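Architecture and fold: a report
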Number of protein chains: 4
Amino acid sequence: MPQPDPSSRPALGVGMVGYAFMGAAHSQAWRTVGRVFDLPLRPRLAAIAGRDPQAVRAAAERHGWAAAETDWRALIARDDVDLVDICTPGDSHAEIAIAALEAGKHVLCEKPLANSVAEAEAMVEAARTAAERGRIAMVGFNYRRVPAASLAREMVAAGRLGTLRHVRVVYLQDWLVDPGFPLTWRLRKEAAGSGALGDLGAHIVDLAQYLTGDDLAGVSALTETFVRERPLPAAASSGLGTTDASAGKGAVTVDDAAVFTGRFAGGALATFEATRFATGRKNALRIELNGSEGSLAFDLERLNELDYHDHREPAPRAGFRRILVTEPEHPYLEAWWPPGHGLGYEHSFVHQARDLVRAVHTGEPVAPTFADGLRVQRVLAAVEESAAKGSAYTAVE
Amino acid sequence: MPQPDPSSRPALGVGMVGYAFMGAAHSQAWRTVGRVFDLPLRPRLAAIAGRDPQAVRAAAERHGWAAAETDWRALIARDDVDLVDICTPGDSHAEIAIAALEAGKHVLCEKPLANSVAEAEAMVEAARTAAERGRIAMVGFNYRRVPAASLAREMVAAGRLGTLRHVRVVYLQDWLVDPGFPLTWRLRKEAAGSGALGDLGAHIVDLAQYLTGDDLAGVSALTETFVRERPLPAAASSGLGTTDASAGKGAVTVDDAAVFTGRFAGGALATFEATRFATGRKNALRIELNGSEGSLAFDLERLNELDYHDHREPAPRAGFRRILVTEPEHPYLEAWWPPGHGLGYEHSFVHQARDLVRAVHTGEPVAPTFADGLRVQRVLAAVEESAAKGSAYTAVE
Amino acid sequence: MPQPDPSSRPALGVGMVGYAFMGAAHSQAWRTVGRVFDLPLRPRLAAIAGRDPQAVRAAAERHGWAAAETDWRALIARDDVDLVDICTPGDSHAEIAIAALEAGKHVLCEKPLANSVAEAEAMVEAARTAAERGRIAMVGFNYRRVPAASLAREMVAAGRLGTLRHVRVVYLQDWLVDPGFPLTWRLRKEAAGSGALGDLGAHIVDLAQYLTGDDLAGVSALTETFVRERPLPAAASSGLGTTDASAGKGAVTVDDAAVFTGRFAGGALATFEATRFATGRKNALRIELNGSEGSLAFDLERLNELDYHDHREPAPRAGFRRILVTEPEHPYLEAWWPPGHGLGYEHSFVHQARDLVRAVHTGEPVAPTFADGLRVQRVLAAVEESAAKGSAYTAVE
Amino acid sequence: MPQPDPSSRPALGVGMVGYAFMGAAHSQAWRTVGRVFDLPLRPRLAAIAGRDPQAVRAAAERHGWAAAETDWRALIARDDVDLVDICTPGDSHAEIAIAALEAGKHVLCEKPLANSVAEAEAMVEAARTAAERGRIAMVGFNYRRVPAASLAREMVAAGRLGTLRHVRVVYLQDWLVDPGFPLTWRLRKEAAGSGALGDLGAHIVDLAQYLTGDDLAGVSALTETFVRERPLPAAASSGLGTTDASAGKGAVTVDDAAVFTGRFAGGALATFEATRFATGRKNALRIELNGSEGSLAFDLERLNELDYHDHREPAPRAGFRRILVTEPEHPYLEAWWPPGHGLGYEHSFVHQARDLVRAVHTGEPVAPTFADGLRVQRVLAAVEESAAKGSAYTAVE
């Protein structure tokens, strides 16, 4: 019998910069997306870039990339790379993304968009110019594409919650509780920009703005660094490195936790908390929205579920219902498993890739755009400004 | 056979002022406490006071009080009243409590202690003087005596949480969401002092300070009134009254919601939220404490449970455990039902009465004292001050 | 001013036999019911009976009974006793209940109705005769009157579940896991009739038949005694007594656990499990009903909640909702606290007392009747017969 | 720079038969496993077989298989196929598996192993012979490799539960509730062998035997077909096909639900329920084990969690803890994401593939073996026999 045509669809060459945690997650998404969803283009894992020749080569083999480069500029220069996927720490986002866009590539940039508002503004400008040439720029707030979050957005947009009154969001982890945890790049301001604020706070600010369809107008904040000195890591580049006793200690220059209140433009009150010191909470991104007609609640530790209260129902039969977000009618679920057969964390990246590939094909922008990323950056800047000014209520630019 | 002696124990005559929701709850406690716990004194429901002769007489009969008075001063003057239990709105607390203490009575005063710091200070002063004569003054923060909360305090005090890093508290209700809900006394500043802040916020500030064994050092706050006008109630005195269409509308002069962040003296960061606009949440007082060695979480809607994470356990077997707080070793549980046979909201008042009666007998002060109530009042004042000053971080006096 | 009339309503003199765990729960109900609900008769705690003069006198004083008797016949003979409340072990139910009914008293009899079908039949006959003289006989399946269970019954009766397909019930406790727990009366067949089956199984069989409005047609069962010998208790009468090392060991003559499947007359399949060996489960009576139009789930360890799935809703928004059964429209809730302020285990007895007092006043029978109790007894007998016959499916008489 | 070597490891050619739901899940596993885990062999998606030329070709392209065959015998005959992965309905398992083993291939066979004990016995015999030549035969009870289930097995094997007393398992789905759902192959005895019993019951019997490390000694069962006629599907081969009104109706020849009790060889009592009529339950495989020293509970709808109660802890601090099974020390988690970043349903197939590839490399058998599958088949046969004999307790061969 005739053997199948490998694929009749045009390829989309992807080049990835960075190959740590995010690199692994993105690789799994690029390998999977075309096998699960019907796509107009066939993603091809063309090349990966990293500084250490041996490590990047091993990563390429492990994750299925066809080639490896030790300089991201070489990666951008490749003809077989149509889209640059940036998985590095925040301090290099602006430089790489702008170069890639200028080189005519599409860009997917991990969050937070940048380490400063100025950098983010430059990136938005570059994206604006590139858009004129049909290039797509997306920022990787992947949690928007956890199906339960997408469903929540649909329900808010359909008016099921009425007028929003309260937004309450926390993102709780606990991996910094041990004071012996080393001083990795995430704890140094020059690399990470900020601490829990940029890492976790960026996610929840974006998610809150996405779900509400509204923007934070102002914030009032407190931040804290509970453990001010930590052992230097054995190897500077390591994400979760072991420590080196002889290396001594260094100062933690970012926040360990940030709490802030705020007002949305539409009038809702909000509370936010981002911390890596909440013992027992591993990845507890929890968001609750209360509106005049209903409420929604979500917890990333139970990511296949969305709790919904319909306040229009008679009180004696009303209550928060647990929607198992695994029905074929739910966002992204048409392509996966039967009801009740849950998805995991990594699927949010597959869904992000799906929508990005489709946008590349149509040339239409896809959210979250760099402008969305800038909006988050401005909130984070207002949080830091408020914290520095004795928690004074600070308008978001 | 010999018939039982009605009781050999000396009586403690109780006189109650007010007989709405709180009056019913306190009555149930006074009727029950001596039947369940071994007490050195036998509480006697001597008299109840209220302005409306017919209503107070009906309340006395319904709730089992031996006599009724239409003037609280007459109640205080009765020889058979040893302890005055104040269940009125906050604007009359100071006057009644001070008069009762000066008349040599013990006092239990519902929360919040008063509607202002100045009133609360005068009450503390009166309590101090009365204490010299062996009189007890207690404020009714009854949630301290939900067994799960008492157990939480024991666990914190025993050091099971290590150094506290985070305190996160919300008190969510939804009974004001309907803009047609009438303008009862709880929505008028002159009677209630404040809105969600004094009603719900007072509870969570006290509970947070109790559980941590620490005081809030400063706060930064936002408050909001979502529905600024409401129909006037048909009958002014009604707690949950129907509206009178002909009566027109009046201005809501208190907050509908208050959100604030804060720092505890010991260094923990805190977030607080009090609202009556969280659709679907009926009585969701939720508190979570994260410390370096462990965490606790409690939800008043599931008041027989306390969640505990022991961070000293090996990570692969650690997790939040749900302690069913119904074991005989748990606080107050020695007198109730077998394990798993849960208690309800009203039992917190029985436990409060137990400890108050014992304190009256020994003459030793019992927490929460009026000083504890003042401390809460000062936090609420700082919250209002911060909200008025653009959320500026405001030290608690 | 005029003092309140103690009460204008006619009294209903209650006499109670037995004063252990159930006696305490019933006393609390009799003291409370007339203070919370509007009743046509005023319950009066007239007298209590028990064999030990000192203990019964102490119980009377503790629980508020006006008189004490050491012979239940004397209690029945009292003119001030209109209703006899039987809280003894099952082996004395028939004798006391029949005598009380013949003496013209109303009767409330704790569950299980009797230790054998023959006894239960005689009791039903006595109740039938007494009913002709307007006497009420009720059996104490109190869990029917946990508000969430009453609400569940209302919802099933209203057709919300459609045709029932599955009934799945467990009643899990763990207090016999320790082999050192003594051989109390509950572990001896002559006193208790059976073990987990009569103690816990009786509750779940009644509750399942009540909620479905249907009867079990047949069952297939396995029973087991895991610990076959236990230390003799120090004092024979003790409910939860300490052991006496010198007393030696005795044989456990009842089941430790019973599991059975069954068919309801209406076609639903059922599974049942009753055990006191489920470590960590304290009072986990869990019942789930699945029908063609919806499902309900209940757990006694969270007794203020009822989970409901409405299968007629569009699948993408459907899910089990947690109804907090504390709304004023919910069964029995009109008299208690505001929404979200939960009730406890003991309130089921207050509700039972309310409905019994009203039935005494109207003369109309109130469920669960002795006939309901007999029906349960017949199921338990079929379970024992099936277990003895190699699990053969055994029709319920 | 040097480009990475595609892979230095020897390939393992996989050939798959069938490409519906299970085919998609297995394809995702084969594509992923070598990218996430370190494997001694490199799985290669060599060929896929199916009867419909166009469909199988499309499936090959979609899922990434290098070739397509329309005859499974041709697939077995291919030199580039080392391992045959059987994803067809149960009626063809025996023929394909035996042929593949005789051809010297390794075999992975979906569950249930076969539609009869006789077929399963022949397969075990073929596997025994093939094992002598170093060939591996595994049956696809993938739920063993959900990390929480694997962890549960580790904990039982380590003695953390003490002596097992109770095993309680349900597998609840609801996709057959609608009587308009068509008569697909899963509802015809000749294709599926049995209904909920073989589809869902096989999973829970295997899981219960795996987790306990014990075998069911006997069972007593009831089965039922609630909807006895259904519309014929438009296309016979369709898994979830639409109906064809003109096609009329046909008889459902399998069970809709099966409930059974049982005894494990080690003395534990068990209850089982398998149904596709539990409205609102989508994939609720729930298992609870109670032992003398502790208990475990698992729900497939929350597959990243395992609840554990340690009964050796002091009662006042004991309770079911929710272990988030996402720590690097947990089974299979060393290769995935940081703590709290959950996995999904499909990962169980990746883990199955990992262990199978390693077994192929070492030549050591890997559980679940065909003998494990036969053991399940014997339990299912005993269930059917008991149901046919009036629920008589029936020993498992």
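Since the structure is predicted, the reported quantities are computational estimates derived from the model, not experimental observations.

What counts and how
Residues numbered from 1 in each chain as written. Chains lettered and ligands numbered in written order. Predicted model: local features only at pLDDT ≥ 70, side-chain atom pairs only at ≥ 80, totals over all residues. UniProt positions renumbered as here; feature names shortened; annotations may be inferred. Helix = DSSP H or I, 4+ residues; strand = E, 2+ residues; numbered from the N terminus. Axes fitted to C-alpha atoms, helices over the stretch in contact; angles between N-to-C directions. Parallel < 35°, antiparallel > 145°, perpendicular 65-115°, else oblique. Left-handed = near helix turned anticlockwise from the far one by under 90°. Contact = placed C-beta atoms within 7 Å. Nonpolar A, V, L, I, M, F, W, Y, C, P; charged D, E, K, R; others polar. Least-squares fit on C-alpha atoms with pLDDT ≥ 70 in both. Pairing = 2+ DSSP bridges. Domains from an automatic or database assignment. pLDDT = per-residue confidence, 0-100. Expected span 1.5 Å × (residues − 1). Buried ≥ 20, exposed ≤ 12 C-beta atoms within 10 Å, placed from the backbone.

Some remarks on the UniProt feature "domain: Gfo/Idh/MocA-like oxidoreductase N-terminal" (unreviewed entry) in chain A
Within this structure's numbering, the places UniProt gives as "domain: Gfo/Idh/MocA-like oxidoreductase N-terminal" (unreviewed entry) are residues 13-140 of chain A. Annotated as 46% helix and 23% strand, the span residues 13-140 of chain A places its first and last C-alpha atoms 18 Å apart.

Focus on the packing of helix α1 (residues 21-36) of chain C against helix α9 (residues 347-362) of chain C
Residues and elements named next belong to chain C. At their nearest, the axes of α1 and α9 sit 8 Å apart, and the two run at 60 degrees to each other. In terms of their interaxial angle, α1 and α9 are classed as oblique. Considering how the two elements wind past one another, α1 and α9 form a crossing that is right-handed. Taken together, the residues of α9 that come into contact with α1 (itself represented by A25, H26, Q28, A29, W30, T32, V33 and V36) are F349, V350, Q352, A353, R354 and V357. A breakdown of the residues in the contact of α1 with α9 according to their chemical character gives nine nonpolar, four polar and one charged.

Describing the relation of the copies chain B and chain A
The relation between the two chain copies is a rotation about an axis coupled with a shift along that axis. Expressed as a screw transformation, the operator carrying chain B onto chain A has a rotation angle of 180 degrees and an axial translation of 0.0 Å, and the superposed copies differ by an RMSD of 0.0 Å. Here the symmetry operator amounts to a two-fold rotation axis. Measuring from the rotation axis to each C-alpha of chain B, the shortest distance belongs to A392 of chain B, at 2.2 Å. Taken as a fraction of all interface residues of chain B, those also at the interface in chain A reach 100%, which identifies the copy contact as same-surface.

Focus on the interface of chain B and chain D
You'll often see interface size given as the accessible area lost when the parts meet. Residue-level contacts link 13 residues of chain B with 13 residues of chain D. The biggest single contributor to the side of chain B that touches chain D is strand β16 (residues 320-324) of chain B, with five residues. Of the residues contributing to the side of chain B that touches chain D, the split by class is six nonpolar, two polar and five charged. Relative to strand β16 (residues 320-324) of chain D, β16 of chain B runs antiparallel, the two being bridged by three bridges. Each residue of the ladder has a partner; that of F320 of chain B, found in β16 of chain D, is R322 of chain D.

A short note on the domain arrangement of chain A
Residue and element names in this part refer to chain A. By domain assignment, chain A separates into domain 1 (11-142) and domain 2 (145-395). Taken together, the contact pairs 43 residues of domain 1 with 39 residues of domain 2. With nine residues, the top contributor of residues to the side of domain 1 that touches domain 2 is helix α1 (residues 21-36). Of the residues that constitute the side of domain 1 that touches domain 2, the class distribution is 30 nonpolar, 10 polar and three charged.

Some points on the confidence of the model for chain A
Low pLDDT marks regions whose predicted coordinates should not be analysed in detail. All names here are of chain A. In this model, chain A carries an average pLDDT of 94, and 95% of its residues clear a pLDDT of 70 or more. Confidence drops under a pLDDT of 50 for residues 1-6, and excluding neighbours within four residues, the segment shows 11 contacts in the predicted structure. Between residues 236-241, whose pLDDT stays under 50, and residues either more than four places distant or in other chains, the model counts 10 contacts. Here the predicted complex scores 0.96 on pTM and 0.95 on ipTM.

Some details on the relation of the copies chain B and chain D
Under the fitted operation, chain B is carried onto chain D by 0.0 Å of movement along the axis and a turn of 180 degrees, and the coordinates agree to an RMSD of 0.0 Å. When the interface residues of chain B are mapped onto chain D, 100% of them are again interface residues, pointing to one common binding face.

Observations regarding helix α9 (residues 347-362) of chain A
Residues and elements named next belong to chain A. Between its terminal C-alpha atoms α9 stretches 23 Å, which fits the 22 Å expected from 16 residues at 1.5 Å a residue. All buried positions along α9 are accounted for by H347, S348, F349, V350, H351, Q352, A353, R354, L356, V357 and V360. For α9, the elements touching its buried residues are β1 (11-17), α1, β2 (42-49), β4 (83-86), β5 (106-110) and β6 (137-140). The positive-phi residue at the C-terminal boundary of α9 is G363, with phi of around 80 degrees.

Overview of unusual backbone geometry
Peptide bonds are trans in most cases, and residues, glycine excluded, mostly fall at negative phi. Each neighbour pair has its own omega, and for K111 of chain A with P112 of chain A the value is -10 degrees, a cis peptide bond. Assignment of secondary structure puts P112 of chain A in the loop between β5 and α5 (117-132). Cis rather than trans, the peptide bond between A367 of chain D and P368 of chain D has omega equal to 0 degrees. Note that P368 of chain D resides in the loop between α9 (347-362) and α10 (370-388).

Section: the interface of chain B and chain A
Contacts between chain B and chain A engage 34 residues on the former and 34 residues on the latter. Sorting the residues of the side of chain B that touches chain A by element identifies β7 (164-172), β8 (216-224), β11 (257-264), β12 (269-275), β13 (284-291) and β14 (294-299) of chain B as the ones contributing at least two each. Considering each element in turn, the side of chain B that touches chain A owes the most residues, five residues, to β11 of chain B. Split into classes, the residues belonging to the side of chain B that touches chain A amount to 13 nonpolar, 16 polar and five charged.

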